[in-house]
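# Reading the structure
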Amino acid sequence: MPKEKTTYLCSSCGYRSVTWLGRCPQCGSWDSLEPQVSYRPREREPKGPSTKIQKISEIGYEEEERLTTSIQELDRVLGGGLVKGSLILLGGDPGIGKSTLALQILHSLSQRGFSTLYVSGEESLVQLKIRAERLGARSGLIGVMGSGSAEEMEEGIKRLKPSCVVLDSIQTCHTEASDAPLGSISQLRDVTLKVMRAAKENNVCIILVGHVTKEGIIAGPRLLEHMVDTVLYLEGESHQPVRILRVNKNRFGPTFEMAVFEMREKGLWPVENPSLLFLKERPKGASGSVVTPHMAGSKPLLVEVQALVTNTSQPMPRRTFLGMEAQRIWLILAVLEKRLGVMVGSRDVFLNVTGGVRIQETASDLAAVIAILSSYFDQPIPEDMVVWGEVGLGGEVRSVSNPELRIREAKKLGFGSIILPKGNMSELKEKEGLSLHGVRDLREVMKLLFGRR
Ligand code: TYD
Ligand code: MG
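Residues numbered from 1 in each chain as written. Chains lettered and ligands numbered in written order. Predicted model: local features only at pLDDT ≥ 70, side-chain atom pairs only at ≥ 80, totals over all residues. Heavy atoms only, no water.

Along the backbone of the chain there are 12 helices and 23 strands. For the C-alpha atoms alone, the extent of the chain along its principal axes is close to 80 × 55 × 55 Å. Counting only residues that meet the buried cut, the chain has 50% of its 453 residues in that class. Relative to all contacts within the chain whose residues are 6 or more apart in sequence, the contacts with residues 24 or more apart total 65%. Put simply, the chain has 58 plus and 53 minus side-chain charges, and the middle of one group is 3 Å from the middle of the other. (Helix = DSSP H or I, 4+ residues; strand = E, 2+ residues; numbered from the N terminus. Buried < 20%, exposed > 50% of the residue type's maximum accessible area, 1.4 Å probe, protein only. Contact = heavy atoms within 4.5 Å. Lys, Arg positive; Asp, Glu negative; His and termini not counted. Charge placed at Lys NZ, Arg CZ, Asp CG, Glu CD.)

Written out as structure tokens, the structure reads:
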């Protein structure tokens, strides 16, 4: 009989410790370590020759099999459709539309003749039926099961042999392999392991639906993200119709892709021209607003960056940055003080990317700089202008990738005046009808836009 041993597992990030700690050293959560009984493995006995080493040139190679849905934007962000035998985690806040999207995927597959299975441990089958009626999903090829058991789900897969399964949700699913309470980290981990095996053994794509907590982590386990092949997040404000589907991890395709949908009466609809949607309500002639083309994965998207710089009434100036990485904006504020002498240190600074878009590339640095300067000097910038460029610590404006794609998107939406890194100028072919201003550093930007040195 192997020896029993107690270890402590963080319910938030999965960190394991041999002693109990009040605070997790990995993620900093308080009181999150739970005791786990595990068995100490016996000493390994020496075995014969271990796994064979092969030559890389001799390994056979097959492209993964993909299932395309008719939801083109979804197929695109996944890198060409759902991969058979893979596990996808679909996360998002409660009420954002995860179950809707999951059912739409099955509906769309059923229309192409594939059988599918929806396992609901969260909602009753009647609730599921009401949603299906709204979406017009009436195909006999969609099997449904009201169960929260991973074993029953596997049985269902064996019987029905579907090509895609939805498990809604991971938090309400349990497995016989675990005695831990429902929703605990070890139960979640065991369920995910079980589901992962079921996906591989039956060569079926399984979509796990998971709730995100207020902190933005999939309830409890970051751990899950490591176990699955693909992580999709559905984001947005529940009182607004725009939903952004973002890829956070993808073993079978590009990461950082995103697609924009709109929640309508009959489910989620892809937005044809997201740039137009994000710029629709842009204020005219207001200071602190600038448009930048940012690369959302492989697609350019025009978004508005807004800043508000005000005198503070607090001993500590307030700083709120939404949609851009706070560390980068801190850096930009320091560069503005040191290189341009713009003293923003004692002011409140707010920055926002409209439409709930999150920018993850440095190409939008220049937009943050210009929005902040425009608000600081209270001088609006021309309405038909877009800007981009990475800003270095010396105040230099550095070139970035894909200038041609950015220009094309700007042109498509009628923007004619562009401030860009000088280094990007030589790469451009489509210059006709545009007024281009290549800049080397922030001093040139100051002179050009605000007439100051
Ligand atoms: P739901 O998919 O249940 O969210 P989740 O699974 O993420 O908790 O959808 C939630 C909201 O979407 C709900 O408030 C109703 C709305 N909705 C529509 O606007 N149109 C639709 O066609 C459907 C099915 C839902
Ligand atoms: Mg749901």
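The environment of ligand 1 is made up of 16 residues, and the closest members are Gly95, Ser99, Thr100, Arg131 and Gly267. Contact between ligand 1 and Lys98: an oxygen atom at 2.8 Å from a main-chain N or O atom of the residue. Interatomic distance of 2.6 Å between a side-chain N/O atom of Ser99 and an oxygen atom of ligand 1. Coverage of ligand 1 by the protein amounts to 76% of the 560 Å² it exposes when considered alone. Secondary-structure elements contributing two or more residues to the shell around ligand 1 are helix H2 (98–111), helix H3 (125–135) and strand S13 (258–264). (Near = heavy atom within 4 Å. Polar contact = N/O pair within 3.5 Å; in protein donor to acceptor, adjacent residues only side chain to side chain. Areas by Shrake-Rupley, 256 points an atom, 1.4 Å probe, with all protein chains shown as cover.)

Ordered by their spatial adjacency, nine strands build an open sheet running S8-S7-S9-S10-S6-S11-S12-S13-S14, and the pairing between neighbours is mixed. Lying at the two open borders of the sheet, with one neighbouring strand each, are strand S8 (142–145) and strand S14 (267–270). This sheet shows a mean twist of 25 degrees between the axes of neighbouring strands, independent of strand direction. Together, strand S6 (87–92), strand S7 (116–120), S8, strand S9 (164–168), strand S10 (205–211), strand S11 (230–235), strand S12 (242–250), S13 and S14 form the strand contacts of H2, whose direction differs from that of S7 by roughly 160 degrees. (Pairing = 2+ DSSP bridges. Axes fitted to C-alpha atoms, helices over the stretch in contact; angles between N-to-C directions.)

Now for the domain arrangement of the chain. One frequently used descriptor of interface size is the decrease in accessible area upon assembly of the parts. The assigned domain composition of the chain is domain 1 (3–40), domain 2 (66–272) and domain 3 (276–450). Here the C-alpha centroids of domain 1 and domain 3 sit 44 Å apart. (Domains from an automatic or database assignment.)

In terms of residue burial, strand S22 (residues 417–421) counts as a mostly covered element, since five of its five residues are buried. As paired elements, strand S19 (residues 385–387) and S22 share three bridges and run parallel to each other. Bridge pairing in S22 links Met385 to Ser417.

Our focus in this paragraph is the pairing of strand S1 (residues 4–10). The pairing of S1 with strand S2 (residues 16–17) spans two bridges and is classified as antiparallel. Each residue of the ladder has a partner; that of Leu9, found in S2, is Arg16. The loop that links S1 with its antiparallel partner S2 comprises five residues; one of these, Gly14, has a positive phi angle of about 90 degrees.

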